[in-house]
Amino acid sequence: PIQTGRRSGGYPPALWDFDTIQSLNTEYKGERHMRREEDLIGQVREMLVHEEVDLTPQLELIDDLHKLGISCHFENEILQILKSIYLNQNYKRDLYSTSLAFRLLRQNGFILPQEVFDCFKNEKGTDFKPSLSHDRKGLLQLYEASFLSRQGEETLQLAREFATKILQKEVDERDFETKMGFPSHWRVQMPNARLHIDAYRKRTDMNPVVLELAILDTNIVQAQFQEELKETSRWWESTSLVQELPFVRDRIVECYLWTTGVIQRREHGYERIMLTKINALVTTIDEVFDIYGTLEELQLFTTTIQRWDLESMKQLPPYMQLCYLALHKFVIEEAYETLKEKGFNSIPYVTKWWVNLVESYMKEATWYYNGYKPSMQEYINNAWISIGGLPILSHLFFRFTDSIESMDKYRDMDRASCTILRLADDMGTSLVEVERGDVPKAIQCYMNETNASEEEAREYVRRLIEKEWEKMNTETMWDDDDDDFTLSKHYCEVVANLARMAQFIYQDGLDGFGMKDSKVNKLLKELLFERYE
Ligand SMILES: CC1(C)[C@@H]2CC[C@@]1(C)[C@@H](OP(=O)([O-])OP(=O)([O-])[O-])C2
Ligand SMILES: [Mg+2]
Ligand SMILES: [Mg+2]
Ligand SMILES: [Mg+2]
């Protein structure tokens, strides 16, 4: 049913108010905690660089440090170890070690060829040896390694099917994904770290120094996150957008949570605060188009943003004027920093992607008001843009690269990341959206087009996400010494992490951003508000 005009989004009010956020505090800012952390880092570094440690335990330690959220303290040591393993090729062991080495090397820019798995295939090379089906540990690592596949790597496709078929027998179909969880290649680091600490502390091979460092570190980094969150909350309060546009989801804490998975390097606090603002602005403008503006108002808004001037905003209703000016002010402030620090004017580029976004919103609003049901392809061609990933990535591009060229177009990796962001979002939000009134999303478009059930449509979307990850891997995983790969490593990290964070927020097909009864909400409170004991 087409409900025209002002609607409500169907979302609960904010969970934390301004004063609660501003009063957040933690003892982990103290000097003595820093000193203890430095001491523990030194002890773990010793463990890492000790020559006589065998290959596999070293790889397992590297994998644990990443999952526990503390690998950032050992980046150089880890790269040195992986580089020597890559050059000496001394990973050719059992399925477990080869798979673990394959994943860690590729994740760190050492692109091992998929042929390293040929020795595990039958003589015709058509499948993996059946005898491997008893090696559960090896199969789990083979399954994980298969998610590092790039387009056209058949052996890795075969590996995923082989491992899945056998491992699935252990757990029935339904909870395969929940039991297996997301493959580690798809998992964001910081928002998952405490889950891994919980598991690590119960392991028989747990190292007490590593555990103490992980626990101390997650409490110390929480202090930094809280200060960044407070700054974003002061900004959000100063915009008065919540007061003037009460129909918008007030989710500044959730907007900040997003950034802890997208931008994981501690030193990039400025970028997390910037990204939080972008998330909040995109959320606001998205709701204006989704549920509040009339078609005439939305057309006026789109035209004003296309002109990007201060003249044409006079024709807007007051609520749109405030929203437009908040966006304008943000873009100008960021452009000022870029001009000051890097000497070039980013305005023509970032405004292009904001215009691009509202034009895609306008298309969806027109479809909705006309009751038009787009085909899946038609929908996706517009919706990978309407999810808001391009303004996010263009602002981050300016922060993480110094090359002005290729600022005016998006890269294949950007599109893959935005597509995964869109598909994951639709899996988590579209049932409520379509119920309250919104354009049909990926699941509904596929069902309209093929008469499939909702579960079949979800399964199809999951396959699309897997395909997009192969594109992402193809575009973001380059040999570190591949000189014609100019994009910065930091930029490639945030592109992939944007997709990972979307899959985190919408895990189990729930809306961890707009709603409050998800596992995400529990993890958010632990990560940002609660001391880890
Ligand atoms: C940060 C975001 C991913 C972006 C703005 C808020 C979101 C959580 C999502 O909100 P949603 O209403 O689901 O977007 P859409 O489906 O209306 O495009 C779109
Ligand atoms: Mg929306
Ligand atoms: Mg929308
Ligand atoms: Mg949505």
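Residues numbered from 1 in each chain as written. Chains lettered and ligands numbered in written order. Predicted model: local features only at pLDDT ≥ 70, side-chain atom pairs only at ≥ 80, totals over all residues. Heavy atoms only, no water.

**Regarding the overall build of the protein**
Scanning the protein from N- to C-terminus turns up 23 helices and 0 strands. Compactness check: the protein gives a C-alpha radius of gyration of 24 Å against a globular reference of 24 Å for 533 residues, within 12% of the reference. Taking the principal axes of its C-alpha atoms as reference, the protein extends roughly 70 × 60 × 45 Å. Looking at the protein as a whole, 59% of its 533 residues qualify as buried. Accessible surface computed for the protein: about 22600 Å², of which carbon and sulfur atoms make up 52%. Taken together, the 64 basic and 90 acidic charged side chains of the protein have centroids lying 2 Å from each other. (Helix = DSSP H or I, 4+ residues; strand = E, 2+ residues; numbered from the N terminus. Rg over C-alpha atoms; globule rule 2.2 N^0.38 Å. Buried < 20%, exposed > 50% of the residue type's maximum accessible area, 1.4 Å probe, protein only. Areas by Shrake-Rupley, 256 points an atom, 1.4 Å probe, with all protein chains shown as cover. Lys, Arg positive; Asp, Glu negative; His and termini not counted. Charge placed at Lys NZ, Arg CZ, Asp CG, Glu CD.)

**Quick notes on the coordination of the magnesium ion (ligand 3)**
For the magnesium ion (ligand 3), the protein coordination sphere consists of Asp286 (OD), Asp290 (OD) and Asp290 (OD), at 2.1 to 2.7 Å. Between the magnesium ion (ligand 3) and the magnesium ion (ligand 2), both coordinated by Asp286, there is a metal-metal distance of 3.3 Å. With Asp286 and Asp290 both in helix 13 (residues 269-292), this residue pair falls 4 residues apart, about one helical turn. Here Asp286 and Asp290 have matching classes, each one buried. (Donors = N, O, S within 2.8 Å, 3.2 Å for Na, K, Ca; no water.)

**A short note on the site of ligand 1**
Among the 15 residues in the neighbourhood of ligand 1, the closest are listed as Arg249, Asp290, Arg422, Asp425 and Lys441. Contact distances for ligand 1 include 2.8 Å between an oxygen atom and a side-chain N or O atom of Arg249. Between ligand 1 and Arg422 there is a distance of 2.6 Å, counted from an oxygen atom to a side-chain nitrogen or oxygen. Starting from 440 Å² of accessible surface for ligand 1 in isolation, the protein chains cover 98%. Of all elements in the fold, only helix 13 and helix 19 (412-436) reach the threshold of two or more residues within the shell around ligand 1. Tallied by class, residues from the shell around ligand 1 come to 5 nonpolar, 3 polar and 7 charged. (Near = heavy atom within 4 Å. Polar contact = N/O pair within 3.5 Å; in protein donor to acceptor, adjacent residues only side chain to side chain. Nonpolar A, V, L, I, M, F, W, Y, C, P; charged D, E, K, R; others polar.)

**As for the pattern of salt bridges**
Applying the stated criterion to the full structure yields 46 salt bridges. Among the ionic pairs, Asp290 bridges to Arg436, the shortest N-O distance being 3.7 Å. Pair noted here: Asp290 is in helix 13 and Arg436 is in helix 19, with a separation of 146 residues, a long-range link. For the pair formed by Asp290 and Arg436, the shared burial category is buried. Residue Glu433 is joined to Lys441 by a salt bridge in which the shortest nitrogen-to-oxygen separation is 2.8 Å. In this structure, Glu433 and Lys441 share a single accessibility class: buried. Salt bridges linked by common partners bring Arg160, Glu455, Glu459, Arg462, Arg463 and Glu466 together as one network. (Salt bridge = Lys/Arg side-chain N within 4 Å of Asp/Glu carboxyl O.)

**Quick notes on the environment of Val248**
Within the secondary structure layout, Val248 lies in the loop between helix 11 (241-244) and helix 12 (252-262). Sequence spacing of Val248 and Pro13 is 235 residues, and the spatial spacing of their C-alpha atoms is 9.6 Å. Among all residues touching Val248, those that are not within four sequence positions of it are Thr283, Thr284 and Glu287. (Contact = heavy atoms within 4.5 Å.)

**Points about the nonpolar core**
If you look at the biggest cluster of nonpolar residues, it comprises 170 residues, and the most contacted ones within it are Phe117, Trp258, Phe301 and Trp354. In terms of residue count, the dominant contributor to this core is helix 10 (residues 208-239) (13 residues). (Core = buried A, V, L, I, M, F, W, Y, C linked by side-chain atoms within 4.5 Å.)

**What to know about the packing of helix 2 (residues 31-49) against helix 3 (residues 55-67)**
One can describe the packing of helix 2 onto helix 3 by two numbers: an axis separation of 10 Å at closest approach and a directional angle of 145°. Two secondary-structure elements touch here, helix 2 through Val44, Met47 and Leu48 and helix 3 through Gln58, Leu61, Ile62 and Leu65. Across the contact of helix 2 with helix 3, the residue classes break down as 6 nonpolar, 1 polar and no charged. (Axes fitted to C-alpha atoms, helices over the stretch in contact; angles between N-to-C directions.)

**Some words on helix 20 (residues 442-450)**
Listed in full, the buried residues belonging to helix 20 are Ala442, Ile443, Gln444, Cys445 and Tyr446. Structurally, helix 20 contributes buried residues whose contacts are with helix 17 (376-386), helix 19 and helix 21 (454-476). Asn451 lies just past helix 20 and shows a positive phi near 60°.

**Brief notes about unusual backbone geometry**
Backbone geometry places Gln89, a non-glycine residue, at a positive phi of 50°. By the secondary structure assignment, Gln89 is in the loop between helix 4 (75-88) and helix 5 (95-107). With a phi close to 60°, Asp508 is a non-glycine residue in the positive phi region. Here Asp508 is to be found in the loop between helix 22 (489-505) and helix 23 (519-528).

**Here's the deal with the confidence of the model for the protein**
Averaged over every residue, the pLDDT of the protein is 93; the share at 70 or more is 95%. In the predicted assembly, ipTM is 0.98 and pTM is 0.96. (pLDDT = per-residue confidence, 0-100.)

**Thoughts on the side chain of Arg399**
By secondary structure assignment, the location of Arg399 is in helix 18 (residues 389-400). The class for Arg399 is buried, based on a relative accessible area of 15%. A polar contact is formed between the side chain of Arg399 and the side chain of Glu271, at a distance of 2.9 Å. A polar side-chain atom of Arg399 sits 3.3 Å from a polar atom in the side chain of Glu341.

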